[in-house]
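# Remarks on the overall topology
Chain residues, written in single-letter form:
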Amino acid sequence: MSEMIESVLHEKRVFEPAKEFAQRARIKSMTEYEALYKRAEEDLEGFWGDVARELHWFEPWSQVLEWNLPDSRWFVGGKTNISYNCLDRHLITERRNKAALIWEGEPGDQRILTYQQLHREVCLFANALESLGVKKGDRVAIYLPLIPEAAIAMLACARIGAPHSIVFGGFSAEALRDRVDDAGAKVVITADGGWRRGKVVPLKDNTDKALENSEISHVIVVKRCENDIAWRNGRDHWWHELVADASAKHEAPAHDAEHPLFMLYTSGTTGKPKGILHTTGGYMVGTYFTTRMVFDLREEDTFWCTADVGWITGHSYIVYGPLANGAACVMYEGAPNYPEPDRFWDLCEKYEVSVFYTAPTAIRAFHRWGDQWVDKHDLSSLRLLGTVGEPINPEAWMWYHNKIGGGRCPIVDTWWQTETGAIMISPLPGATPTKPGSATRPLPGIIADVVKKDGTSCAANEGGFLVIKQPWPSMLRTIYRDHDRFIKTYFGEIQGFYFAGDGARRDEDGYFWIMGRVDDVINVAGHRLSTMEVESALVAHENVAEAAVVGRPDEVTGQAIVAFVTPMSGVAAGEELGVELRKHVTDQIGALARPAQIRFADALPKTRSGKIMRRLLRDIASGSTAKGDLTTLEDASILEKLAQERGDEE
Ligand code: WTA
């Protein structure tokens, strides 16, 4: 366990929700929370049915839940449209002319779209997609910067019933190719480029590379950076030209509640990312409900989730959840420290953001950049803060609380996953006393526990596996085209329960403390990566004989990647090869997978049966001596050599 996480475990302070906050909150006390939780636990279907009725259904469901472990169907027979619920539903209310998206590009350009305008753009683009032959059930890949067109494209796909598969703009051409192929996408939507730290990210070039041998018939390109790009006549279309010819009328069709809404690829324990599949009705209900409860949204709030739509956090809390609630959402394209390390606070001040949701890595980075960047700004509009993606250490929590929140804003530390679709464990800001580093208690309707391998509950403070014992509406339905892997990964580890892959403990107050992954998934800056994925990329290089990748604790990014590499015989280890391998990993996966350190070795520590002993490598990578049982190690001298090797640090 990392030192950071250990210090989390020893944090004892408790912060009560401020009275003024609690008075106006939806759930005002722990008594109210307990009552709601109990109600949901006793009548899961009744509880979720009531939530779902707050949204629009073209046809009602006949049954809330059909559960044949591990397969769930929610709102069986119900017909709805999430795009309708995020847009059309608001147009007959006073929200019609309210800001839906308040967008700022990295260079400082702005665009504000009201619900009426966003609806119009979505209808135009839905018609444009249909004019290219996109039909219900066709998959559409989206590889865009964080610009309004990303949300428009998502909502247009959802409207038609064409599942989208968003590939984060930081992924390489290779990674895009794999995801487009696996999804069997019919169309790719991209941009000439996106702005990041003052430079253009060449998204169209990457797309061209990814599609070199592909038969994809249509690529739609947003003009964003006006950089030169290659063009393939017949295949490539400018977004603005397509919508110029389209009609602004698009009636939202009724989709079955279980119609696939999107897939999103995420790292698992093997080298191959998994296409997590979510469906329409349950995901809509889950994101709607959690946005409302966890962020306690009010009509006048300005909500900013700083994630990218390329990750689940962006799907659920930039687009679907907030828009289903009729919220005003800030969206920002670029880097947090461009042109200066106060860009986020500048935006918070300018748009008077009231609810702010970000990752611990960002908080730690801002803390490190210095208080002077925060002090320049008036952050008095903030009333609620949130974190997601990784455990937050008490030091970062306290800084966030005092420096950003002025000591008055509750912090919601939200635990959830790509697979869960929506927040699962989190404080309710007007009710739950918070303890820095704990995501506190499960939301009503979420039956979570910490158990031993045999499925029995752990005692208070005993470490174990985090599981969910009953289905919930926004749970993944499968891994796209690999239902066996779905069953094995999530329901094969602990009999009868959903296995999250995280270690956790529950304290004497029933608060959950997430201790990090118990599999070969590492979490770098809140981004999930599989060690196998990085290893496969490394061994694909002609000069690499063998590679093993582990995580080591990092003060800012939580974990950092350390790669142990054995070069092919006759190849010189050293800086030059390090540079080459980092470039190679960036090309294969993306810059987010670049090793922070590469350590060359003549051989890797293995068991007598030939398995690489990662546990030892983790110890070495984190700077401690290899501990534990070494008797199965085949050649002990390897360890000594590895420990002495200084490594090529970036
Ligand atoms: C980790 C991101 C501690 C966890 C929404 C989980 C967290 C993985 C928290 C999912 C939190 C997420 N505290 N750890 N509040 N939130 N995690 O799929 O290990 O990108 O399994 O979803 O992030 O990452 P994913």
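Residues numbered from 1 in each chain as written. Predicted model: local features only at pLDDT ≥ 70, side-chain atom pairs only at ≥ 80, totals over all residues. Heavy atoms only, no water.

## Comments concerning the overall build of the chain
As a reminder, the rule being used: Helix and strand definitions here come from DSSP, where helices need a minimum of 4 consecutive H or I residues and strands a minimum of 2 consecutive E residues; each element is numbered from the N-terminal end. When we talk radius of gyration, it's over C-alpha atoms, and the globule rule is simply 2.2 Å times the number of residues to the 0.38. Only protein chains enter the accessibility calculation, which uses a 1.4 Å probe; a residue is then buried when its area is under 20% of its type maximum, exposed when over 50%, and partly exposed in between. Any two residues whose heavy atoms approach within 4.5 Å at even a single point are treated as in contact. Positive charges are assigned to Lys and Arg, negative charges to Asp and Glu, while His and the chain termini are left out of the count. Every charge is mapped to an atom, namely NZ of Lys, CZ of Arg, CG of Asp or CD of Glu.
Secondary structure assignment for the chain yields 21 helices and 31 strands. Since a compact globule built from 650 residues should have a radius of gyration of about 26 Å, the 24 Å found for the chain is in line with a globular shape. Judged by the C-alpha coordinates and their principal axes, the chain covers about 75 × 65 × 55 Å. Taken across its 650 residues, the chain has 63% of its residues classed as buried. Of the contacts formed within the chain by residues at least 6 apart in sequence, a portion of 71% connects residues at least 24 apart. Taken as two groups, the 73 positive and 92 negative side-chain charges of the chain have centres that lie 2 Å from each other.

## Describing the nonpolar core
Defined as follows: Take the buried Ala, Val, Leu, Ile, Met, Phe, Trp, Tyr and Cys residues and link them wherever side-chain atoms come within 4.5 Å; each set so joined is a nonpolar core.
Residues Trp48, Phe75, Leu118, Phe125, Ile189, Phe295 and Tyr320 are the most contacted members of the largest nonpolar core, which totals 164 residues. Broken down by element, the residue count for this core peaks at ten residues, all from helix α7 (residues 148-160). Ignoring sequence-local partners within four residues, the contact set of phenylalanine 295 consists of Thr290, Phe303, Tyr317, Val355, Tyr357, Arg383, Leu384, Val412 and Ile423. Counting residues in hydrophobic clusters, the runner-up holds 29 residues, among them Trp304, Ile392, Trp397 and Tyr400.

## Some remarks on the sheet that holds strand β21 (residues 448-451)
Test applied: Strands were regarded as paired on the criterion that DSSP finds at least two bridges between them. What counts as an axis is a line fitted to C-alpha atoms, over the stretch in contact for a helix, and the angles between N-to-C directions run from 0 to 180 degrees.
Here four strands make up an open sheet; going across it, the order is β21-β22-β24-β25 and the pairing antiparallel. Each edge of the open sheet carries a strand with a single partner, namely β21 and β25 (512-517). Taken pair by pair, the neighbouring strands of this sheet meet at an average axis angle of 45 degrees, ignoring direction. Two elements, strand β22 (residues 464-468) and strand β24 (residues 498-506), share four bridges in a ladder whose sense is antiparallel. Each residue of the ladder has a partner; that of isoleucine 468, found in β24, is tyrosine 498.

## So, the site of the ligand
To keep things clear, this is the line we draw: If a single non-hydrogen atom of a residue is within 4 Å of a molecule or strand, that residue counts as near it. Think of a polar contact as two N or O atoms within 3.5 Å of one another; within protein, one of them needs to be a possible hydrogen donor and the other a possible acceptor, and neighboring residues in sequence only count if both atoms come from side chains. The Shrake-Rupley method, run with a 1.4 Å probe, gives the accessible areas here. Residue values count only the displayed protein chains as cover. Residues are grouped as follows: Ala, Val, Leu, Ile, Met, Phe, Trp, Tyr, Cys and Pro are nonpolar; Asp, Glu, Lys and Arg are charged; all remaining types, including Gly, are polar.
By nearness alone, 17 residues border the ligand, and Asp413, Thr414, Thr418, Asp502 and Arg528 come closest of all. At 3.1 Å, a backbone N or O of glycine 389 approaches a nitrogen atom of the ligand. In this structure, aspartate 413 approaches the ligand through a side-chain N or O atom, which is 2.7 Å from a nitrogen atom. In isolation the ligand offers 530 Å² of accessible surface; the protein chains occlude 96% of this area. At the level of secondary structure, the elements contributing two or more residues to the shell around the ligand comprise α12 (312-324), β20 (411-414) and β25. When its residues are assigned to classes, the shell around the ligand shows six nonpolar, six polar and five charged.

## Things to note about helix α20 (residues 614-621)
The buried count for α20 comes to six of eight residues, which makes it a mostly enclosed element. Taken together, the buried positions of α20 are occupied by Arg614, Leu616, Leu617, Asp619, Ile620 and Ala621. Two residues or fewer past α20, glycine 623 is found with a positive phi of approximately 90 degrees.

## Considering the packing of aromatic side chains
Any two aromatic rings considered together are summarised by their centre-to-centre distance and by the angle between their planes. To keep it simple, the criterion reads: Between rings of Phe, Tyr and Trp, where Trp is taken as its six-membered ring, a pair exists when centres lie within 6.5 Å; planes separated by under 30 degrees are stacked, by over 60 edge-to-face, and by other angles tilted. Here, over-ring charges are defined by two tests on the NZ atom of lysine or the CZ atom of arginine: distance to the ring centre within 6 Å, and angle to the ring normal within 35 degrees.
One pass over the structure, following the stated rule, counts 39 aromatic pairs. Taking the centre distance of 5.6 Å and the plane angle of 90 degrees together, the rings of phenylalanine 47 and phenylalanine 289 count as edge-to-face. Taken together, the residues phenylalanine 47 in helix α4 (residues 44-52) and phenylalanine 289 in helix α11 (residues 280-294) connect sequence positions 242 residues apart. Given a relative accessible area of 4%, phenylalanine 47 falls into the buried group. Clustering of aromatic rings is evident, with ring pairs tying together Trp304, Tyr332, Phe344, Trp345, Phe356, Phe366 and Trp369. A cation over a ring is seen here: lysine 435 above tyrosine 511, with NZ or CZ 4.5 Å from the ring centre.

## Structural notes on the environment of serine 474
Residue position: serine 474 is located in the loop between β22 and β23 (478-479). For serine 474, a relative accessible area of 3% gives the class buried. When the C-alpha atoms of serine 474 and glycine 286 are compared, they prove to be 5.1 Å apart, with 188 residues separating the residues in sequence. Setting aside residues up to four positions removed in sequence, serine 474 forms contacts with His278, Gly282, Tyr283, Gly286, Glu419, Thr420, Gly421 and Ala422.

## Some points on the side chain of aspartate 192
Selection rule: Salt bridge, as applied in this entry: a Lys or Arg side-chain nitrogen positioned within 4 Å of an Asp or Glu carboxyl oxygen.
Along the chain, aspartate 192 falls in the loop between β8 (187-191) and β9 (194-196). Lacking a salt bridge, the buried aspartate 192 has lysine 223 as its closest oppositely charged neighbour, with an N-O distance of 6.4 Å. Looking at aspartate 192, its side chain comes within polar contact range of the main-chain nitrogen of arginine 224, at 2.7 Å. If we skip the residues at most four places from it in the chain, aspartate 192 touches Val201, Pro202, Leu203, Lys204, Val221, Val222, Lys223, Arg224, Cys225, Glu226, Asn227 and Ile229.

## Quick word on the pairing of β22
By the criterion of burial, β22 is predominantly enclosed, with four of the five residues buried. Where β21 lies against β22, four bridges are found, and the strand directions are antiparallel. The residue bridging valine 450 from the neighbouring strand is leucine 466, located in β22.

## Thoughts on a negative patch on the surface
Short version of the rule: Residues with no salt bridge and a relative accessible area higher than 30% make up the patches, which join like charges within 9 Å and nonpolar side chains (Val, Leu, Ile, Met, Phe, Trp, Tyr) within 5 Å.
There is a patch of like negative charges on the surface, built from Glu542, Glu575, Glu576 and Glu580. Note on glutamate 542: relative accessible area 65%, which makes it exposed.

## Notes on unusual backbone geometry
Note: most peptide bonds trans; most residues except glycine with negative phi. Cis rather than trans, the peptide bond between leucine 69 and proline 70 has omega equal to 5 degrees. On the secondary structure map, proline 70 appears in the loop between β1 (63-68) and β2 (71-76). A cis amide bond, omega 0 degrees, links tyrosine 338 with the succeeding residue proline 339. For proline 339, the position within the fold is in the loop between β17 (328-332) and α13 (343-350). Positive phi, normally seen in glycine, also occurs at alanine 525, with a value near 55 degrees. Considering the arrangement of structural elements, one finds alanine 525 in the loop between β26 (521-524) and β27 (527-530).

## Re helix α8 (residues 173-183)
Buried within α8 are the following residues: Ala173, Ala175, Leu176, Arg179, Val180, Asp182 and Ala183. At the exit of α8 stands glycine 184, carrying a positive phi of roughly 60 degrees.

## Comments concerning the confidence of the model for the chain
Convention followed: Each residue carries a pLDDT score, the predictor's confidence in it, ranging from 0 to 100.
Looking at the chain, the pLDDT average stands at 94 and 96% of residues meet or exceed 70. Per-residue pLDDT, averaged within each element of the chain, yields its smallest value for helix α1 (residues 3-9) (44) and its largest for α7 (99). Note that residues 1-9 has pLDDT below 50 and, in this model, 18 contacts with residues that lie over four places away or in other chains.

## Comments concerning the pairing of β27
Relative to β27, β26 runs antiparallel, the two sharing four bridges. Within β27, the residue paired with isoleucine 522 across the bridge is leucine 529. The antiparallel pairing of β26 with β27 creates a hairpin that spans two residues between the two strands, and alanine 525 there sits at a positive phi of about 55 degrees.

## Details of the sheet that holds strand β19 (residues 384-388)
Paired through their backbone hydrogen bonds, the strands of a sheet run either parallel or antiparallel. Read from one edge of the open sheet, seven strands run β5-β4-β17-β16-β18-β19-β20, paired in mixed fashion. What marks the edges here is a single partner per strand, and that holds for β5 (110-114) and β20. Taken over all neighbouring pairs, the strand axes of this sheet differ in orientation by 15 degrees on average, direction set aside. On top of the sheet, helix α6 (residues 115-131) reaches β4 (99-104) and β5; it is set at about 95 degrees to β5, its chief contact.

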